[in-house]
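# Examination of the molecular architecture
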Amino acid sequence: MVERECAACCDEPTAIPMKRCSRCHKAWYCNERCQKQHWPSHVFDCKPDEPISTVYHLARACWRDFIPLDPQTRIDYGFEKASRELGGKAESYLLGLYQGVFKVLGIECKEVRRWQKEGRLVEGIKAAYLKSPPHWTRGSYYDWMLQHENILDGTPVDEDQAEALTEATVASLAHAGWVLSGGDPTDSREVIHAKIAALPSHAQACHAFYQLVAAKMYPSPNDSSWLDFGFVAASSQGEELGYSRAYQTLVKLCTFDEFCTAYNSSAIPALLDHYNVLLPSSLLFRNANSPPCFFRDVMANSPHGCKSVWDLKQYLDRLTINQPDTVKPAPVRPVMVDYGFANCKTEAERKMLDDLYTQLFAKMDSGMDPLELHAACLRGALAEYARRFVKLAPYEYTAKYTRLLKNPYPL
């Protein structure tokens with residue numbers, strides 16, 4: 001009997017009779033319970049080209065212990081409202097609440113989805129927690145929800161409260177970043193603003209970044225600092241957090257002037273090495289062949305330029321967090337020219353490229369190398385490289401993909 005590994009529970013191959021997913025025929029399971037448990041994660045691989053309910057984005061985030069990023073998921077399950085009305089810490093409490101629902105209470109995704117669709121999230125969560133054994137402590141997350149039920153009641157964001165929170169957060173971040181950079185903690189908001197405004201532009205960018213570091217936050221894909229400080233190189237939230245923690249360590253060891261000089265001279269990796277600040281090994285070595293560290297490639301030219309493949313990656317990252325009711329971001333000119341977007345005649349063709357490159361970058365952990373994609377771009381061989389990882393289907397679109405993926409290279 002062929003030994004196979006259960007996608008849900010087994011670390012080692014086993015020869016016991018196993019069942020495989022009847023849809024994709026790729027994932028194997030030792031029983032139905034394992035298959036059900038793994039479905040919130042497997043659905044993204046099993047149905048890559050089909051719409052996926054936001055409850056699965058929520059469940060996957062809970063199992064991975066990350067705040068969900070999918071815009072509609074954040075709206076459907078209260079994260080956007082919690083963030084805007086109460087701040088980032090509220091998102092952590094909300095995540096903990098849902099982790100209790102899925103991981104501790106064992107509520108299935110379809111049940112949570114039904115609560116959300118019927119506008120009964122609060123009632124459903126309360127009922128689930130109240131059914132827990134008497135000796136089981138419901139914990140601070142449930143108590144937090146009881147104090148903030150309006151976050152899940154489906155009502156619109158209180159814009160006045162959100163605006164007041166934004167103003168207070170901006171002031172707090174500015175002061176924290178100023179102190180972290182060595183500034184006088186007694187300086188007023190006006191003095192801090194004036195002193196920062198008098199600095200060179202690269203030092204101002206570093207100050208803005210220090211504000212995030214002080215709050216244990218990191219940039220959004222919508223910010224230029226997402227690329228300039230290397231976060232664009234990450235293929236997962238885990239890697240983004242790895243970069244963030246490395247910077248948190250570095251700024252405690254170096255002076256602000258050292259950091260600014262290194263940033264402006266594209267020498268942040270050298271500064272990390274100088275202070276023996278290590279990125280997690282998964283960021284350095286993605287497989288046994290030890291390919292280049294993508295972070296180091298980005299930072300080798302930042303902030304004065306980068307390979308256009310990283311501009312492409314930032315564009316895709318922006319699409320990922322784009323709110324449903326906001327204007328869709330547009331690729332920058334190098335991406336338009338290098339990666340075929342200038343060939344698009346309709347919005348449908350642009351979406352074809354959006355979807356293709358999104359699928360391609362989703363393969364970063366299984367062999368897709370952005371630097372190889374960049375090399376293929378310079379050879380004028382985008383279609384050939386894409387076919388290694390993504391099926392250019394349906395068949396009738398093959399000619400269209402070939403046209404869209406043409407670029408001016410090789411020069």
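Described in the following lines is the structure provided in the data block. (Residues numbered from 1 in each chain as written. Predicted model: local features only at pLDDT ≥ 70, side-chain atom pairs only at ≥ 80, totals over all residues. Heavy atoms only, no water.)

### Quick word on the overall build of the protein
For clarity, the cut-off: Numbering of helices and strands starts at the N terminus; helices are DSSP runs of H or I of at least 4 residues and strands are runs of E of at least 2. We compute the radius of gyration over the C-alpha atoms and compare it with the globule rule, which gives 2.2 Å times the number of residues raised to the power 0.38. Relative accessibility decides the category of a residue: with a 1.4 Å probe and only protein chains considered, values under 20% of the type maximum give buried, values over 50% give exposed, and everything between is partly exposed. Contacts are assigned to residue pairs that have any heavy atoms within 4.5 Å of one another. Accessible surface area values rest on a Shrake-Rupley calculation with a 1.4 Å probe, where residue burial reflects the displayed protein chains alone. For this count, His and the chain ends are skipped, Lys and Arg are scored as positive, and Asp and Glu as negative. By convention, the point assigned to a charge is CZ for Arg, NZ for Lys, CD for Glu and CG for Asp.
A tally of regular secondary structure across the protein gives 23 helices and 2 strands. Relative to a compact globule of 411 residues, whose C-alpha radius of gyration would be 22 Å, the protein shows 24 Å and is just as compact. Judged by the C-alpha coordinates and their principal axes, the protein covers about 65 × 60 × 45 Å. Looking at the 411 residues of the protein, the share that counts as buried comes to 44%. Considering only contacts within the protein whose residues lie at least 6 apart along the sequence, 57% involve residues at least 24 apart. About 21,500 Å² of surface is accessible on the protein, with carbon and sulfur atoms providing 52% of the total. Here the protein carries 46 positive and 50 negative side-chain charges, and the mean point of each set is 7 Å from the other.

### Brief notes about the layout of surface pockets
Rules: Lining residues are defined by having an atom within 4 Å of a point belonging to a cavity or pocket. Those points lie on a 1 Å grid over the protein atoms alone, cavities being sets where a 1.4 Å probe fits but cannot get out and pockets being open sets with protein on both sides within 12 Å along at least five of seven lines. Grid points are joined across faces, edges and corners, and a volume is the space filled by probe spheres set on the points. Only Asp, Glu, Lys and Arg are considered charged, only Ala, Val, Leu, Ile, Met, Phe, Trp, Tyr, Cys and Pro nonpolar, and every remaining residue, Gly among them, polar.
Taken as a whole, the second largest pocket spans an internal volume of roughly 470 Å³. For the lining of the second largest pocket, the elements supplying multiple residues, two or more each, are α1 (32–46), α2 (54–64), α5 (88–104) and α6 (109–117). No other element matches the 5 residues that α1 contributes to the lining of the second largest pocket. By residue class, the composition of the lining of the second largest pocket is 8 nonpolar, 2 polar and 5 charged.

### Quick look at the packing of aromatic side chains
The condition that has to hold: Two aromatic rings, drawn from Phe, Tyr or Trp (for Trp, its six-membered ring), form a pair once their centres lie within 6.5 Å of each other, and the interplanar angle then sorts them: stacked below 30 degrees, edge-to-face above 60, tilted otherwise.
Applying the stated criterion across every chain, the model contains 26 aromatic pairs. Their ring planes at 25° and their centres at 6.1 Å tell us that W226 and F231 sit as a pair that is stacked. When its relative accessible area of 0% is taken as the criterion, F231 is described as buried. Taking the centre distance of 5.5 Å and the plane angle of 80° together, the rings of Y315 and F341 count as edge-to-face. Separated by 26 residues along the polypeptide, Y315 in helix α18 (residues 308–321) and F341 in the loop between α19 (333–338) and α20 (347–361) bring together distant segments of the chain. A single burial state applies to Y315 and to F341, both of which are buried. By the ring-pair criterion, three or more aromatic residues cluster together here, those being F209, Y210, Y218, W226, F229, F231, Y243, Y247, F256, F259, Y263 and F295.

### As for the packing of α2 against α5
Spelled out, the test is: Axis definition: a line fitted to C-alpha atoms, limited for helices to the stretch in contact. Angles are taken between N-to-C directions and run from 0 to 180 degrees. Small angles under 35 degrees read as roughly parallel and large ones over 145 as roughly antiparallel, with 65 to 115 read as roughly perpendicular and the rest as oblique.
Contact pair α2 / α5: the axes reach a minimum separation of 9 Å and the direction vectors enclose 95°. Of the possible angle classes, the one that applies to α2 and α5 is roughly perpendicular. Where α2 approaches α5, its residues V55, L58, A59, A61, C62 and W63 are matched on the opposing element by L95, Y98, Q99, F102 and K103. Per-class residue counts for the contact of α2 with α5 are 9 nonpolar, 1 polar and 1 charged.

These figures capture arrangement, not role.
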